[in-house]
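Examining the three-dimensional arrangement
Residue-level listing of the chains:
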Amino acid sequence: MADLPRITIDPESARVIVEDRESHAFDSPEAFRLVSEAWLRLGWDQKYVYSFTWLGRPVIQLPEDLVRVQEVIASVEPDVIVETGVAHGGSLVFYATLCKALDRGRVVGVDIEIRPHNRQAIEAHRLSGLIELVEGSSTDPATVARVREHVQPGETVMVMLDSNHQAEHVLAELHAYADLVTPGSYFVVMDAIAGRLAGAPRTGPDWSWNHPGAAIERFLAEDPRFVAEEPPFAFNEGLVTERVTYWPGGYLRRLG
C-alpha cells in the first residue's frame, strides 16, 4: 500500500481510472476497493484516526472498525472484554458503553504504563464502574495472572490486542491469552495494516515483515484452536462486502 497507483475519478463517465490503464465503474467492488485503499493510506499519512473521542476520551481507531467490532460484541455478548493497550482510554470507554447498553459485561484494560492523567480521567469517568485497569507488561505471566483474576469460571471472554505491534510481542500476547478466549469468541488483533504501510510516514524499515499480520500467521500455524474468520456483516443491503479497516485479518475465532 505504500506505493499506491495513481487513481483519478472521472465524474462525467462515472469511472475510476488507475494510472490511465485500468478503468472501473463507480458501482464496481474493484473501484470501491481501490479508492478505499488510497483513503486508508492517506488517512494514515494525515493521522485521521487521531481526531475522534468517545464520551469524552480520545479513541484512536477508525470509526468503521468501532462499528464493526460493536456488531461482533453484540453477537458474542461477552462477560469480560480484555484490551491490551490503554492509551487515553477511549476504547475502554467505548466497550464499557456497549456493556452498559447490553446490560452485560465489563472491561479490563492492560498497559505497561498507564499515565497518571489518563488513569485519573478513566477512573473519574461515569462508566468507570465497568472498567478495571491492570498496569504491567501484557506478556508478563504476573500481569496475565492478574487479568485472569477478573474472570470468573464460565464467563465468556473476548480479547483485543492493541499494544506493542511488533510481531514477536503480538505473538507472545496471542499465546499468553489464548486460553482465556472462550470457544466461539474472538481475539481481535488490531493494526495489521502496518504490513501494508512500509515506507509511509511514521513507519519503520522493518514494517514490511515486523507487524501484527506476521504474528497472526505464525500463531494460527501453532494453535489449531483458532481460525482467521471475518465475522459477517450483521446487516447489508449494499454492494460492499469487505471491511474498510486497519485490522485486516484481525478476527481470530476460537473453535474449541
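Throughout this document, residue positions are counted from 1 along each chain, in the order its sequence is written. Only residues with pLDDT of 70 or above have their local features reported here, since the model is predicted, and side-chain atom pairs are shown and tallied only from 80 upward, although totals for entire chains, interfaces and linings are computed over all residues. Side-chain metrics in this entry use all non-hydrogen atoms of the structure; hydrogen atoms and water are not considered.

1. Considering the overall build of the protein chain
The secondary structure content of the protein chain amounts to seven helices and twelve strands. Only C-alpha atoms enter the radius of gyration; for comparison, a globular chain is expected to reach 2.2 Å times N to the power 0.38, where N is the number of residues. In terms of C-alpha radius of gyration, the protein chain reaches 19 Å, essentially the compact-globule figure of 18 Å for 256 residues. Principal axes of the C-alpha set define a box for the protein chain whose edges measure 60 × 35 × 35 Å. Any residue under 20% of the maximum accessible area for its type is buried, any over 50% is exposed, and the rest in between are partly exposed; the area is computed with a 1.4 Å probe on protein chains only. Out of the 256 residues in the protein chain, the part that is buried amounts to 46%. Between the centroid of the 23 positive side chains of the protein chain and the centroid of its 38 negative side chains there is a distance of 3 Å. Strands here are runs of E lasting at least two residues and helices are runs of H or I lasting at least four, both read from the DSSP assignment and numbered beginning at the N terminus. Neither His nor the chain ends is counted toward charge; the positive residues are Lys and Arg and the negative residues Asp and Glu. By convention, the point assigned to a charge is CZ for Arg, NZ for Lys, CD for Glu and CG for Asp.

2. Let's talk about the packing of aromatic side chains
Only centres within 6.5 Å qualify two rings of Phe, Tyr or Trp (six-membered ring in Trp) as a pair; their planes then separate them into stacked at under 30 degrees, edge-to-face at over 60, and tilted for everything else. A complete count under the given rule lists ten aromatic pairs for this structure. Centroid distance Phe-187 to Phe-219: 5.9 Å. Interplanar angle 85°. Geometry classified as edge-to-face. Residue Phe-187 is located in strand E10 (residues 186-189), and its partner Phe-219 is located in helix H7 (residues 212-222); the two are separated by 32 residues in the primary sequence. Neither Phe-187 nor Phe-219 differs from the other in exposure class; each is buried.

3. Brief notes about the side chain of Asp-79
When you line up the elements, Asp-79 lands in the loop between helix H2 (63-76) and strand E6 (80-84). Since its relative accessible area comes to 13%, Asp-79 is described here as buried. Throughout this description, a polar contact denotes any pair of N or O atoms lying within 3.5 Å of each other; where both atoms belong to protein, one of them has to be capable of donating a hydrogen while the other can accept it, and for residues adjacent in sequence the pair is counted only when both atoms sit in side chains. Side-chain polar atoms of Asp-79 contact the side chain of Arg-104, separated by 3.0 Å.

4. Considering the pairing of E6
Counting buried residues along E6, five of its five residues qualify, which places the element largely inside the surrounding structure. Of the two faces of E6, the one carrying Val-80, Val-82 and Thr-84 and the one carrying Ile-81 and Glu-83 are both buried. Pairing analysis gives five bridges linking E6 to strand E7 (residues 106-111), with the strands arranged parallel. Paired with Val-80 across the strands is Arg-106, a residue of E7. The β-α-β motif built from E6, the intervening helix H3 (residues 90-102) and the parallel element E7 has right-handed crossover chirality. Bridge count between E6 and strand E9 (residues 157-161): five bridges; the pairing is parallel. By the convention used here, strands pair only if DSSP detects at least 2 bridges between them. With the strands pointing away from the viewer, any crossover whose connection runs clockwise from the first strand over the helix to the second is right-handed.

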